[in-house]
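Each chain, letter by letter, is given below.
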Amino acid sequence: MFSMVARKLSISIKDKPWMMKSIQYNFWNNSFRNLLTPSADSNTAALKPFTVVLEETQKQHISKQNNGVKGQCREFLSALLPPSQESLPPRTMEDSFIQALIPIGSNPDVRLQYTSHIGGARLGRLVQDMDNFAAVVVYKYIDNPLQGPEGPSSHAVVTARMDHLHIREDIKNDADIKLVGHVSWVGSSSAEVGVGMEQMEEGVWKKVCEAKFVMVARDAATGTKSAPINPLVVKSEDEKILFKLGKENIASRAKADQDSLFKEPPSTIESNLIHTMFLSTVDHKVRSFAARVKPENSNWMTDSKLKSVMMCEPEHKNDYNKIFGGLIMEKCIDLAFTNTWVFTGAAQVPVCTHIDDVIFLKAVEIGDLLYFHSQVVFTHETLVQARVSAEVLDRETKRLKLTSVLQVTFKLPSEVPHVIPQSYHEAMAYLTGRRHFLIGLENEGLLAKGMAEKEMIEVSKYTPLWTLKKLDTEEQVFNKNNVLVLF
């Protein structure tokens, strides 16, 4: 696996001893997953199509809520809501395990829906399915003794965020795809769900990508308050490891939020990095900070933007009369891809390797005008980091309100232009993109556990390439004529 990932990122591990070949722990390479995943020679026809699995879940849990919960139905659902988590029976990871088939190889009509014009499968469309699939997993996990097997659920399951979608292999448009997933951590009213995607290759299911979804349960009657879900019981050693990883993920998300540049200033070394970048683009001959000069093979970050807008129609709604979050993710990914391709000007198309930090801050209503804004915020060798946001126009104030944001990493076959911030807010976007880029490398196994934070603090690697002239030590040299420079 590692050699494949290394190929994707075009990094010479031998030249970088601080990168570890071994991965601390892999969600898919464990006995629990091998135990529950069908063998390679299993009958694909036995798997239910994903559309059938989704429709069955909607019919059983959600269909009666499509037009809003009113009157007696609301009172009925409120009566079904469990009073506390302690009143619910414990469940296991295996109780939530489910798999489904996307027959893009065996069904020509389905293949057309998932085929991209540039070749391969449409990633955005598949992310939509993964989002829906994560909700199906949680509905399967919930066991409420107050309600029978038929009828609407007292829980409304929605997506709070998606983390670390790591794409291991190119996803083809001519081979069937299997979705597999189960809960890996459970709180009082939220759950982390691991969703993986496998694709048939020469009769064997090959793992192509995986992601973590954080799902939250709301009171289906009102949608305004949290709803308790079953406690999770872990038994085997593999389950304990998965649960521990889920708990660590929750803690790391909280820490990332706490350390956000929206709340805390950059570290001293990060500030020095930004200052070094600034001085490397100043025309020192004219002795003016306003005189900026672009380094060779570079673009200003200001010119790396691309925008689009969408009117939210009823066909875009989810089961709770809000705009489907999976659709918003698809639009963001498509815009990031287009923006990256335009920015690089490459003849070959960018390949998405990682999607991180997909956060849903606010529900989007039918009739909203949704603005999408993409910007390239960090580049390194053949890699591009793009930030995409979705904002809703407030018709009264005429101001935009942020609803969703995500970070996407793309790889190209040749070196890409450097992106250079000009203003302070662009510098903050650069540092944020760089942080997510490093975390993405760590999650893909190309940086050892904890190395991403170390690189953020030390800024010893992944510094702007136009400011570096490689010496044997690759060290910074400061204070030439009392001016901070890099040779």
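Residues numbered from 1 in each chain as written. Predicted model: local features only at pLDDT ≥ 70, side-chain atom pairs only at ≥ 80, totals over all residues. Heavy atoms only, no water.

What is the right way to look at helix H7 (residues 123–141) in this model?
The terminal C-alpha atoms of H7 lie 27 Å apart, and with 19 residues this matches the ideal 27 Å at 1.5 Å per residue to within 8%. Along H7, 17 of the 19 residues are buried, which leaves the element largely enclosed by surrounding structure. (Helix = DSSP H or I, 4+ residues; strand = E, 2+ residues; numbered from the N terminus. Expected span 1.5 Å × (residues − 1). Buried < 20%, exposed > 50% of the residue type's maximum accessible area, 1.4 Å probe, protein only.)

Honestly, the packing of aromatic side chains in this entry has me stumped. Any pointers?
The geometry of an aromatic ring pair is captured by the separation of the ring centres together with the interplanar angle, meaning the angle of the planes. Taken as a whole and assessed by the stated rule, the structure comprises 5 aromatic pairs. A centroid spacing of 6.2 Å and a plane angle of 55° characterise the contact between Phe50 and Phe133, whose relative ring orientation is tilted. Of the two residues, Phe50 sits in helix H3 (residues 50–62) while Phe133 sits in helix H7, which places them 83 residues apart along the sequence. The positively charged end of Arg125 is found above the aromatic ring belonging to Tyr114, 4.8 Å away from the centroid. (Phe/Tyr/Trp six-rings, centres within 6.5 Å; stacked < 30°, edge-to-face > 60°. Lys NZ or Arg CZ within 6 Å of the ring centre and 35° of its normal.)

Help me understand the sheet that holds strand E8 (residues 351–360), please; the structure alone is not making it clear to me.
Paired through backbone hydrogen bonds, the strands of a sheet run either parallel or antiparallel to each other. Taken in spatial order, the 10 strands line up as E1-E3-E4-E5-E2-E8-E11-E10-E9-E7 in an open sheet, and their pairing is antiparallel. Both outer strands of the open sheet, strand E1 (98–102) and strand E7 (305–311), are each paired with one neighbouring strand and no more. The average undirected angle you get between the axes of adjacent strands in this sheet is 25°. As defined by bridge partners, E8 adjoins strand E11 (residues 400–411) across 7 bridges and the pair is classed as antiparallel. Among the inter-strand pairings, His354 is bridged to a residue of E11, identified as Thr409. Where H7 meets the sheet, it contacts E1, strand E2 (155–167), strand E3 (177–186), strand E4 (190–201), strand E5 (204–219) and E8, and its direction lies at approximately 50° from that of E3. (Pairing = 2+ DSSP bridges. Axes fitted to C-alpha atoms, helices over the stretch in contact; angles between N-to-C directions. Contact = heavy atoms within 4.5 Å.)

Quick question: what am I supposed to make of the confidence of the model for the chain here?
Close inspection of predicted coordinates is inappropriate for parts of the model with low pLDDT. For the chain, per-residue confidence averages 77 on the pLDDT scale, and 76% of positions sit at 70 or higher. Counting contacts from residues 1–42, a segment whose pLDDT is below 50, to residues more than four positions away or on other chains yields 91 contacts. Between residues 468–487, whose pLDDT stays under 50, and residues either more than four places distant or in other chains, the model counts 23 contacts. (pLDDT = per-residue confidence, 0-100.)

Please clarify how the pattern of salt bridges should be interpreted in this entry.
Side chains bearing opposite charge may pair, as long as their charged atoms lie close to each other. Going through the model one piece at a time under the given rule, you end up with 15 salt bridges. Arg161 is the salt-bridge partner of Asp163, the closest N and O atoms lying 3.1 Å from each other. As far as burial versus exposure is concerned, Asp163 and Arg161 are alike and both buried. Across the salt bridge formed by Lys401 and Asp394, the nearest N and O atoms sit 3.1 Å from each other. According to the relative accessible area criterion, Lys401 is partly exposed, its value standing at 40%. The exposure class assigned to Asp394 is buried, which follows from its relative accessible area of 17%. Where salt bridges share partners, they join Glu169, Lys172, Glu201 and Lys206 into one cluster. (Salt bridge = Lys/Arg side-chain N within 4 Å of Asp/Glu carboxyl O.)

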